[in-house]
Amino acid sequence: MAYRASRREFLRDLGLSAGSLPFVLNLPSLGFANQAARKQRLVIMFSPNGIVPKTFWPDEEGAQFTLKESLTPLEPFKERTLILKGVCDKVRGDGDNHMRGIGCLLTGIELFPGNIQGGSDTPAGWSSGHSIDQEIKTFLQKNAETRTRFGSLEFGVMVPDRADTWSRMVYSGPNRPIAPIDDPYQMFHKLYGRMKDQESLKSVLDELQEDLRTLSGRLSSDDRKLLEEHATFVREMEQELRSAGDLTVGHAVPELEPNVKEENDNMPKISQMQIDLMVNSFAADFSRVATLQYTNSVGGARLKWINVEEGHHELSHKPDNDDASQDKLTRINKWFCEQLAYLTKRLAETPEPGGTGSLLDNTLIVWTNELGQGNSHTLDNIPFVLVGNGLDFKMGRSLKFNKVPHNRLLMSLSNAMGHPIERFGNPAYCKDGVLTGLT
């Protein structure tokens, strides 16, 4: 409580409003930026329906490898990339592979029995455990030096409005799924708390100009520059929200409804807005853990902007000898990789506030999927592509494992974030400890 009270007392003593709080938390000279230790951040990015192995996995192992077509957008960041083949989701039990694929992806433990009927004979419910991002968040929030305003932020892009096992990957505990926020306007409101709605948008900064002027006089020159940059971002985002006009960024459903086409076609713009908001939230130290979920398991987005008219899930069921479908699936995964590359670029070009280097130097992004391959529904060779230097893994490599449980990778992420754990999820898949060879 003393940690929060000191912030409230600071604002009160200066006569500032509570709306100023988001602008002061990341300023080192005010002592609120948690600068004592290096900030480490973790982002987990999800895209659905498996990959095309022949256009995804490098043939080589080690530092000398060639990025296949699906991963070519990462070429500028190849030395900061770590590709893990042979990591498998070994969790079984209730539910079909799509359901277990996303529901067990970050939890590493079985789904509860339930009444959601998938493609198997056994229905299922929510996960019986919490997800690794929330495990790390809880650890960080317990320590004053690593505590942040939100702890974790859950971003989404075209995630269905309905809540079921196919649409949730983050869990705060057993039977406790966390819905991602896939409306950038809602996320903006969460971060800054002054937007009522798009129709009656009122500027955050208009109400805070006097506060910010008072605050500026108490800051170092570097912090004044950081405050100005942060305020500029908010102003630009407000202008972008106003200029969006009739843009509706809501929730699509897997089955095509009449209004999905309009929302579906906005997917690239929504993705960019969410990524920009995430990067800014890191720069402001609002959170050090985030997830970014594109659509959902069995997601049926139609990526018309890359000339793919069919639904993603529909295409993923086509056989390997259907060259046209395999090419479209490759282009779909390449587009998702482009989103990863855009996030990487934004982190790389954003300086670490109060520190050295860039946000990418202190952030690890993990791009993953609920399946290894869509047409076989395999849970073997789940794609895990890691980018960034935040967890001090040895990057710039392609590694191949012998069907190791993905629980071991989840444990590795936690340990590298400073939270050593000996098991996570189902302990049967943790007996060999953290994944070796990452450092």
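Here, every reference points to the structure presented above.
Quantities reported herein were computed from a predicted structural model and do not represent experimental measurements.

What counts as what
Residues numbered from 1 in each chain as written. Predicted model: local features only at pLDDT ≥ 70, side-chain atom pairs only at ≥ 80, totals over all residues. Heavy atoms only, no water. Phe/Tyr/Trp six-rings, centres within 6.5 Å; stacked < 30°, edge-to-face > 60°. Helix = DSSP H or I, 4+ residues; strand = E, 2+ residues; numbered from the N terminus. Lys NZ or Arg CZ within 6 Å of the ring centre and 35° of its normal. Buried < 20%, exposed > 50% of the residue type's maximum accessible area, 1.4 Å probe, protein only. Arc of directions from axis to C-beta. Pairing = 2+ DSSP bridges. Axes fitted to C-alpha atoms, helices over the stretch in contact; angles between N-to-C directions. Contact = heavy atoms within 4.5 Å.

> Before we go on, may I ask you to explain the packing of aromatic side chains in this structure?
Aromatic ring pairs are described here by two measures, namely the spacing of the ring centres and the angle between the planes. Under the definition given, this model contains eight aromatic pairs. Ring plane angle 65° and centroid distance 6.3 Å describe the contact between Trp126 and Tyr171, whose orientation is recorded as edge-to-face. Pair noted here: Trp126 is in the loop between helix 3 (97-103) and helix 4 (132-141) and Tyr171 is in strand 4 (residues 170-173), with a separation of 45 residues, a long-range link. Through a chain of ring-to-ring contacts, three or more aromatic side chains come together here, namely Tyr294, Trp305, Trp335 and Phe336. Note that Lys78 overlies the ring of Phe65, its terminal NZ or CZ placed 4.7 Å from the centroid. Looking at Arg149, its charged tip hangs above the ring of Phe286, at a distance of 5.3 Å from the centre.

> Explain helix 5 (residues 184-192) here, please?
Residues spaced three or four apart along an α-helix face the same direction, because each turn holds 3.6 residues. Looking only at helix 5, the buried set comprises Pro184, Tyr185, Met187, Phe188, Leu191 and Tyr192. Looking straight down helix 5, one finds its buried side chains confined to an arc of 160°; they lie on one side.

> Looking at this structure, I do not really get the sheet that holds strand 2 (residues 81-88). What am I missing?
Adjacent strands of a sheet pair through backbone hydrogen bonds, lying either parallel or antiparallel. Sheet architecture is open: seven strands sit in the order 3-6-1-7-8-2-9, paired in mixed fashion. Since the sheet does not close on itself, it has two edges, and those belong to strand 3 (151-157) and strand 9 (397-405), each with one partner. On average, adjacent strands in this sheet sit at an angle of 20° to one another, irrespective of strand direction. Both strand 1 (residues 41-46) and strand 7 (residues 363-368) contribute to a ladder of six bridges, which runs parallel. Each bridged residue has a counterpart across the sheet, and for Ile44 the counterpart in strand 7 is Val366.

> How should the pairing of strand 8 (residues 384-387) be read in this particular structure?
Regular strands have side chains that alternate between both faces of the sheet. Side chains Phe384 and Leu386 of strand 8 all project onto a buried face; the interleaved residues Val385 and Val387 project onto the opposite face, where all are buried too. The pairing of strand 2 with strand 8 spans four bridges and is antiparallel. Counterpart to Thr81 in the pairing with strand 8 is Val387. The pairing of strand 7 with strand 8 spans three bridges and is classified as antiparallel. The residue bridging Ile365 from the neighbouring strand is Val387, located in strand 8.

> So what exactly am I meant to see when it comes to the environment of Ile132 here?
Tracing the backbone shows Ile132 in helix 4. Classification of Ile132 by relative accessible area gives buried; the value is 0%. Taking the C-alpha atoms as reference, Ile132 lies 8.4 Å from Val170; in sequence the two are 38 residues apart. Setting aside anything within four residues of it in sequence, one finds Ile132 in contact with Ile44, Leu106, Leu410, Ser414, Ile421 and Phe424.

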